[in-house]
Amino acid sequence: MLIGAHVSIAGGVQNAVERQLEIGGNCGQIVTTSPRVWKEPAIDDDEAAAFKRETAASLEGPWVIHSNYLINLATPKDDLRQKSIESLQADLDAAAALDVPFVNVHLGAHTGAGEEAGLENAISAIDSLDHPEDVTLLIESDAGSGSKLGGEFDHLATVVDGTEAPVDVCLDTAHTFVAGYDISTPDAVDETVAAFDATVGIDRLRAIHLNDSKHPCGSNKDEHAHLGEGEIGATGIGAVINHDAWADRPFILETPVEDGKDYAWNLERAKELRSA
Ligand SMILES: [Zn+2]
Ligand SMILES: [Zn+2]
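What this report covers is the structure whose coordinates are included nearby. This structure is a prediction, so every number in the text was calculated from the model and none was measured.

**Things to note about the overall build of the protein chain**
Here's step 1: When helices and strands are counted, the protein chain shows nine helices and ten strands.
Here's step 2: Taking 2.2 N^0.38 as the reference for a compact globule, 276 residues should give roughly 19 Å; the C-alpha atoms of the protein chain span a radius of gyration of 18 Å, in line with that estimate.
Here's step 3: Evaluated residue by residue, the protein chain yields a buried proportion of 56% over its 276 residues.
Here's step 4: For the protein chain, restricting intrachain contacts to residue pairs at least 6 apart in sequence, the fraction spanning at least 24 positions comes to 76%.

Below you can see the structure in the form of structure tokens.
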């Protein structure tokens, strides 16, 4: 099973490898800068070389770079759009420098422009990027609160089909669930897999953010919970982890660190549910 967690690059990007190994992960996710301010990634060549060497030596699965949370590809505002494009470009370039195959991004919010215009904005922003060879941009499924796009599989399909760029999808289980796709039972997971396959196509799914949800299906409220302890529950998370359609994808934890439970606890829980 390919599983890991979102880990820090504090002290140098190469430190992410050791942090991943400490919690028992064999793949994972990083951000290249503080994700809530606009800042260029600052990764020097020695650190990049060490990261690549240690990743090749000790990790089985891929890394994903999660782009800045401030990015809004769907926005109708020119200045925010420009900053978003520059920030995402910097992460695509960082991924190329680090041999990281995936950069993950949310579509953002149309803030009143309408769904169709928002999706068109996102597609043209993605098309304006210089996509490095061997780096695939992943559109992450969203919780769909307010005017945010990407909660509905149709939004993901529109973007993936509408761009010529190398773009696939990352499903976040907590987001998918609160966006209205039930995954709390084996039958519900089958239905959600079928709905995804009929719109986006299962071959476009390249990574899964594995999180339980503190809020119910369809609530559009995004708060992650420990695996098996949220509204998706152990039965649903188990059905997700073991589903044939995507069991070979990398699973990346973005679970909270609270109540005495951390990533290592959630990773162990995922492995228990995998074999169950
Ligand atoms: Zn995300
Ligand atoms: Zn996520």
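**Notes on the coordination of the zinc ion (ligand 2)**
Here's step 1: In this structure, Glu-140 (OE), Asp-172 (OD), His-209 (ND1) and Glu-254 (OE) serve as the protein donors to the zinc ion (ligand 2), at separations of 2.0 to 2.2 Å.
Here's step 2: Coordination geometry of the zinc ion (ligand 2): the four donor atoms subtend angles of 88 to 178° at the metal centre, consistent with an arrangement described as irregular.
Here's step 3: Mapping the donors of the zinc ion (ligand 2) onto the primary sequence gives the spacing E-x31-D-x36-H-x44-E.
Here's step 4: The distance between the zinc ion (ligand 2) and the zinc ion (ligand 1) comes to 3.5 Å, and Glu-140 binds to both of them. In this pair, Glu-140 is assigned in strand S5 (residues 136-140) and Glu-254 in the loop between strand S10 (251-253) and helix H9 (263-275), connecting sequence segments 114 residues apart. Each member of the pair, Glu-140 as well as Glu-254, carries the same accessibility label: buried.

**Digging into H9**
Here's step 1: With 13 residues, H9 extends 19 Å from end C-alpha to end C-alpha; this agrees with the ideal 18 Å at 1.5 Å per step.
Here's step 2: The backbone nitrogen of Ala-264 lies 3.2 Å from a side-chain oxygen of the residue at the head of H9, namely Asp-262.

Parameters and conventions
Residues numbered from 1 in each chain as written. Chains lettered and ligands numbered in written order. Predicted model: local features only at pLDDT ≥ 70, side-chain atom pairs only at ≥ 80, totals over all residues. Heavy atoms only, no water. Helix = DSSP H or I, 4+ residues; strand = E, 2+ residues; numbered from the N terminus. Rg over C-alpha atoms; globule rule 2.2 N^0.38 Å. Buried < 20%, exposed > 50% of the residue type's maximum accessible area, 1.4 Å probe, protein only. Contact = heavy atoms within 4.5 Å. Donors = N, O, S within 2.8 Å, 3.2 Å for Na, K, Ca; no water. Tetrahedral: all angles 85-135°; square planar, octahedral: opposite > 155°, others 65-115°. Expected span 1.5 Å × (residues − 1). Polar contact = N/O pair within 3.5 Å; in protein donor to acceptor, adjacent residues only side chain to side chain.

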